[in-house]
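Chains, contacts and geometry: an overview
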Amino acid sequence: AQPPPPTAVIPREAWEGCSVLLDVNDGDRLAFFRLTPGATVKIGDKSCSLQPLLGRPFGSLFRVGPDGLLPCQGKDEYVNDGKPRDAGAAQDETRDNRSLVDNNTAQTLSSEDIEAMKREGASGDAIVEALIANSSTFGNKTVFSQEKYKLKKQKKYAPKVLLRRPSTRSICETYFKKYPARIGFMRVDTLSLLLSMANVGAYSDVLAVDMVGGLVVGAVAERLGGTGYVCSTYLGSAPSSIDIIRMYNLNSEMTSRIFQAPLSDLCSLKTSGDAPGSIQGDEPGVVPDESFQSSLEKPSDTEVSDGNAQSTTAQPIDIEAPEPATDEHLNQGDISMPGKQ
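Summary of the structure given here. On a predicted model such as this, the values are computed, not experimentally measured, just so you know.

Observations concerning the overall build of the protein chain
Along the protein chain, the regular secondary structure elements total 9 helices and 12 strands. Considering the protein chain as a whole, with its 341 residues, one finds that 45% of them fall into the buried category. Residue pairs in contact within the protein chain that sit at least 24 positions apart in sequence constitute 65% of those at least 6 positions apart. Total accessible area computed for the protein chain in this model is approximately 18000 Å², and 51% of it derives from carbon and sulfur atoms.

In structure tokens form, the structure reads like this:
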């Protein structure tokens, strides 16, 4: 019987130094951040500290208040798919929009009035309610149009931020939406099929050729859960960049089982007949890179965010260049969804 797996459980709550994925307005903007003491995100014209995220469980929803991010209380109307829960409820619809004319005269609340409300400390939800109350055509719209109007104004004046845990699925989907070339245009279903066909499971010793920034190696390590070993091999003398691994929040037990070795060394072991039965750090030719291990274990201040997000102390990881990231290429990465600014 095999021994029980080591304790390699990723915490359910965000902690200082971990990587998080912020989902603003149901996918309009997606941003990776490292929760450092001075990390901030800019939403609209407001710069919000990320400290309220500490200790909150992944999946928590936040709203932008006068003093920054505030956790939403109770049942929020726009939790799952950006649509009210009762939007699809059967209703007797007798209204239509045929008589409505969009001539920008239906709204009596001016931009100056909205700015005055903001200066007085009015919340985004209060501004949305004021816009609805001062719209002369809102009551004549269909239920669907009313909900669409509410959602549009809510995204502008009362944006919601969803705290997500970076996992194989969320990381792959985020990169595929904006920078698919960085991960070799690999979709999450393709990555899942790759792991299944390779029979990656607990206590497996996996050899991976990762040329997609570390997405495959990170996915394998996450599935192993601190059991078995994964060796990332490469052609030539320069290892491929696997910086994406740092977003997985792998603990020390998981990262200690990730190694890098050139393919030539592995082939020489096979030729000499000294092929190792398992990938161990003391095996010849399969020696962990000191700088690689230290970069995974030491918490580094990193950020991968969209063009409207910023951090006062976090250093961004380049996700645009398909080549290995270097110090001169570490610049702000944009993951905002096209056409949804």
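Concerning the pattern of salt bridges
If you walk through the whole model with that rule in mind, you get 9 salt bridges. Between Asp-23 and Arg-164 there is a salt bridge whose closest N-O contact spans 3.7 Å. With a gap of 141 residues between them, Asp-23 in strand E1 (residues 19-24) and Arg-164 in strand E7 (residues 160-164) connect regions that are remote in the sequence. On the accessibility criterion, Asp-23 (8% relative accessible area) is buried. A salt bridge links Arg-246 to Asp-243, with the shortest nitrogen-to-oxygen separation between them at 3.7 Å.

A closer look at the packing of aromatic side chains
Counted according to the given criterion, the structure contains 3 aromatic pairs. Arg-257 extends its terminal NZ or CZ atom over the ring of Tyr-229, reaching a point 4.9 Å from the ring centre.

Digging into the side chain of Gln-154
Along the chain, the position of Gln-154 falls in helix H3 (residues 143-157). On the basis of relative accessible area, Gln-154 is assigned to the buried category, the value being 4%. In this structure the side chain of Gln-154 is engaged in a polar contact, spanning 2.7 Å, whose partner is the backbone oxygen of Ala-158.

Section: the side chain of Ser-170
Assignment of secondary structure puts Ser-170 in helix H4 (residues 168-178). For Ser-170, the side chain forms a polar contact with the main-chain oxygen of Arg-165, separated by 3.2 Å. Engagement of the side chain of Ser-170 in a polar contact is seen with the backbone nitrogen of Ser-167, the distance being 2.8 Å. Once residues lying within four places of it in the same chain are set aside, the contact partners of Ser-170 are Leu-21, Arg-164 and Arg-165.

Observations regarding the nonpolar core
Of all hydrophobic cores here, the largest spans 31 residues; its most connected members are Ile-171, Leu-215 and Val-220. Those elements that place two or more of their residues in this core are strand E2 (29-34), H4, helix H5 (188-197), strand E8 (205-209) and helix H6 (215-224). When residues in this core are grouped by element, the largest group, 7 residues, is from H6. Counting the residues that make up this core, at least three belong to each of domain 1 (11-80 + 104-165) and domain 2 (168-271). Once you skip the residues sitting within four places of it in the chain, Ile-171 turns out to touch Phe-32, Pro-166, Leu-215, Ile-244, Met-247 and Tyr-248. By size, the runner-up hydrophobic cluster in this structure holds 20 residues, among which are Leu-22, Phe-33, Leu-53 and Val-64.

A word on unusual backbone geometry
The phi angle at Asn-25 is positive, at roughly 55°, despite the residue not being glycine. Along the chain, Asn-25 falls in the loop between E1 and E2. A positive phi angle is found at Tyr-203, which is not glycine, with a value near 65°.

Structural notes on the pairing of strand E5 (residues 61-65)
Counted residue by residue, E5 has 4 buried out of 5 residues, so it is predominantly covered. As defined by bridge partners, E5 adjoins E7 across 3 bridges and the pair is classed as antiparallel. Counted as the bridge partner of Leu-61 is Leu-162 from E7. In this structure, E5 lies alongside strand E6 (residues 68-71), joined through 4 bridges in antiparallel fashion. Bridge assignment links Phe-62 to a residue of E6, and that residue is Pro-71. Counting the residues that bridge the hairpin from E5 to E6 gives 2 residues.

Regarding the sheet that holds E8
Strands in a sheet are paired, the pairing made by backbone hydrogen bonds, and the direction either parallel or antiparallel. Strand order in the open sheet formed by 3 strands is E8-E9-E10, and the pairing between neighbours is parallel. With one partner strand each, in any of the chains shown, E8 and strand E10 (258-262) form the two edges of the open sheet. Strand-to-strand twist of the sheet, defined as the mean angle between neighbouring strand axes without regard to direction, takes the value 25°. Pairing between E8 and strand E9 (residues 229-234): 5 bridges, direction parallel. Bridged to Leu-207 within E9 is Cys-231. Taken strand by strand, H6 contacts E8, E9 and E10, and its axis lies near 170° from that of E9.

Section: the packing of H5 against H6
In contact at an axis separation of 11 Å, H5 and H6 are set at 55° when each is read in the N-to-C sense. Between H5 and H6, the interaxial angle falls into the category oblique. The element H5 and its partner H6 pack so that their crossing is right-handed. On the side of H5, the interface is formed by Leu-191, Leu-194, Leu-195 and Ser-196, while H6 contributes Leu-215, Val-216, Ala-219, Val-220 and Arg-223. When the residues that make up the contact of H5 with H6 are grouped by side-chain class, the tally is 7 nonpolar, 1 polar and 1 charged.

What counts and how
Residues numbered from 1 in each chain as written. Predicted model: local features only at pLDDT ≥ 70, side-chain atom pairs only at ≥ 80, totals over all residues. Heavy atoms only, no water. Helix = DSSP H or I, 4+ residues; strand = E, 2+ residues; numbered from the N terminus. Buried < 20%, exposed > 50% of the residue type's maximum accessible area, 1.4 Å probe, protein only. Contact = heavy atoms within 4.5 Å. Areas by Shrake-Rupley, 256 points an atom, 1.4 Å probe, with all protein chains shown as cover. Salt bridge = Lys/Arg side-chain N within 4 Å of Asp/Glu carboxyl O. Phe/Tyr/Trp six-rings, centres within 6.5 Å; stacked < 30°, edge-to-face > 60°. Lys NZ or Arg CZ within 6 Å of the ring centre and 35° of its normal. Polar contact = N/O pair within 3.5 Å; in protein donor to acceptor, adjacent residues only side chain to side chain. Core = buried A, V, L, I, M, F, W, Y, C linked by side-chain atoms within 4.5 Å. Domains from an automatic or database assignment. Pairing = 2+ DSSP bridges. Axes fitted to C-alpha atoms, helices over the stretch in contact; angles between N-to-C directions. Parallel < 35°, antiparallel > 145°, perpendicular 65-115°, else oblique. Left-handed = near helix turned anticlockwise from the far one by under 90°. Nonpolar A, V, L, I, M, F, W, Y, C, P; charged D, E, K, R; others polar.

Interpretation in functional terms is not warranted from these geometric data alone.
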